Amino acid sequence: MRRMDSRQEALIRRAYETYGHLVLRRCQLLLRDPDLAQDALQEVFMRVFKYSEKFKEVQAPIAWLYRVSTNVCFTMLSQNKRKKYQQEEDALTQDLMNSNVANAALGEKAILMKFLQEFDEKTRTVALLHLVDELPQERIGELTGWSRQTINKKLKKINQVVEAYQRKFQ
Amino acid sequence: MNTQPKDLHPALYDLDCYSVGKCPPVLEADISLHLKTCLECQNYLSELKQSHVAFLQKQPTDRLIQTLRLRKSQTWFNLFNDWFALSNQRLIWATAVVLLITGSIFILRPFSNDNKLEKSAGVRLMGQKQIENSLFRLFLRQGTVIQEISQSPTVKAGDALQINFTVTKPQYVAVFFLDESATINWVIPTTATNHAFLINNDDMLPRHSMVFDQSKTTERLFVIIRDQIFSPIDLSQKIINSWRTSPHKNFNTDDWIPHEPGWWSMVIYKQP
């Protein structure tokens, strides 16, 4: 990896000061651990530095950063933090079983978070953009560059998982 | 209290973009309009703005830059570590390379640094000609055997010769080979020049070895050391002229070599 020059530093500063809090929120949402989220935040900006040329050209920087954050968080989870995450997921499952979730959307989001780790990268991205960021299918297509058919397929898969889980506990 | 249906709210992603002024222009007007009447979205946006301010206070940019710099500097170290950690096979290869390099250094050591040997051997002049304020020693490597030579050696292709100087005050030096066809191969300086090489101390001398090629022609090694600057080209030309005009034409004898201060010569025989 090359040395950080002044232009790259300026780019990172600008990106961090504008989007840093959003990235941190996203990492906290995915990791539910403030310390891990801090690590993830650094890692995301490490990637901004690494791909600074690409980042400069990106049309939707927030979507790009969210996607990188998702990848970073799930990489962290799949490495040595998996066990801890699993314990928390078990607690979440218990909460879901015990609670009366009035808001169906909230229920979907919570269930989705449990299964995110089991999805492939594309499905995970679509799931987050759809259920967390509340973006319609066309906007997801615009931001990811994926076809309507691909996004449809992914959303179908997500719905199947969520519905199956809901049926199990209702 | 917000009473609008959920579907009429902007997407949270768009509100995120709006909060940092990066919303697509087509949506910006709609969101601004929506915000005038939607308390829920106003609250969300206000919460985002507060978290933005708190974030910048708690986690200044300088700290991130410092951390990134630190992590970047560790990256090469980690890469190096990872490379070794990857497999035992790589470790074996790395060990082999280290041993090979160490072995090569050990074999070539007498050719690269003879200061210790020089001091223990004491002062000694080579050949019949004494050169003021300096002395030099010749070493010949044949295969893995290295020996100091004091009289004309017989060499073959691949053998290497090194000359080491000890000077008591700054000296100008020229070293070259001359063969019977009056061809010159320059050693010090490495090309034909009008300026001899100045050595202030031993360490300043180029320490490359002279490796012999397949040529079977007998050669003469000339070493010229003077405390005054001289032109190596002029001196070599003088020697060439002397050889060409020599009546006896016996390259192996010294009688054709002009008597000049500060030079020395030795015949190098080639193995048939």
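Residues numbered from 1 in each chain as written. Chains lettered and ligands numbered in written order. Predicted model: local features only at pLDDT ≥ 70, side-chain atom pairs only at ≥ 80, totals over all residues. Heavy atoms only, no water.

Participant: Looking at this structure, I do not really get the overall build of chain A. What am I missing?
Facilitator: Of regular secondary structure, chain A possesses nine helices and zero strands. Each helix and strand of chain A, placed in order from N terminus to C terminus, yields the pattern α-α-α-α-α-α-α-α-α. By residue count, 48% of the 170 residues in chain A fall in the buried class. Of the contacts formed within chain A by residues at least 6 apart in sequence, a portion of 66% connects residues at least 24 apart. As displayed, chain A offers around 9,000 Å² of accessible surface, 47% of which is attributable to carbon and sulfur atoms. (Helix = DSSP H or I, 4+ residues; strand = E, 2+ residues; numbered from the N terminus. Buried < 20%, exposed > 50% of the residue type's maximum accessible area, 1.4 Å probe, protein only. Contact = heavy atoms within 4.5 Å. Areas by Shrake-Rupley, 256 points an atom, 1.4 Å probe, with all protein chains shown as cover.)

Participant: What exactly am I supposed to notice about the packing of helix α2 (residues 34-50) of chain A against helix α4 (residues 61-78) of chain A here?
Facilitator: Helix-helix packing is characterised by the crossing angle of the two axes and by the distance between the axes. Residue and element names in this part refer to chain A. Following both chains from N to C, one finds α2 and α4 inclined at 125 degrees, their axes separated by 9 Å at the closest point. Judged on the interaxial angle alone, α4 and α2 are oblique. Between α2 and α4 the crossing geometry is right-handed. Of the residues in α4, those touching α2 at Leu36, Asp39, Ala40, Glu43, Val44, Arg47 and Val48 are Trp64, Leu65, Val68, Ser69, Asn71, Val72, Cys73 and Met76. Of the residues belonging to the contact of α2 with α4, the class tally is ten nonpolar, two polar and three charged. (Axes fitted to C-alpha atoms, helices over the stretch in contact; angles between N-to-C directions. Parallel < 35°, antiparallel > 145°, perpendicular 65-115°, else oblique. Left-handed = near helix turned anticlockwise from the far one by under 90°. Nonpolar A, V, L, I, M, F, W, Y, C, P; charged D, E, K, R; others polar.)

Participant: Hey, could you run me through the environment of B:Gln151 in this one?
Facilitator: Residues and elements named next belong to chain B. Residue placement: Gln151 occurs in the loop between β2 (145-149) and β3 (154-155). Looking at Gln151, the relative accessible area reads 61%, which means it is exposed. Counting along the chain gives 116 residues from Gln151 to Val267, while the straight-line C-alpha distance between them is 8.4 Å.

Participant: Would you take a moment to explain the side chain of B:Gln59 for this structure?
Facilitator: Summarising the element assignment, B:Gln59 is placed in the loop between α3 (39-58) and α4 (61-86). At a separation of 3.1 Å, a polar atom in the side chain of B:Gln59 contacts the side chain of A:Gln38. For B:Gln59, the residues in contact, after removing those within four places along its chain, are A:Tyr16, A:Leu24, A:Gln38 and A:Leu41. (Polar contact = N/O pair within 3.5 Å; in protein donor to acceptor, adjacent residues only side chain to side chain.)

Take it as geometry only, folks, not as evidence of what the structure does.
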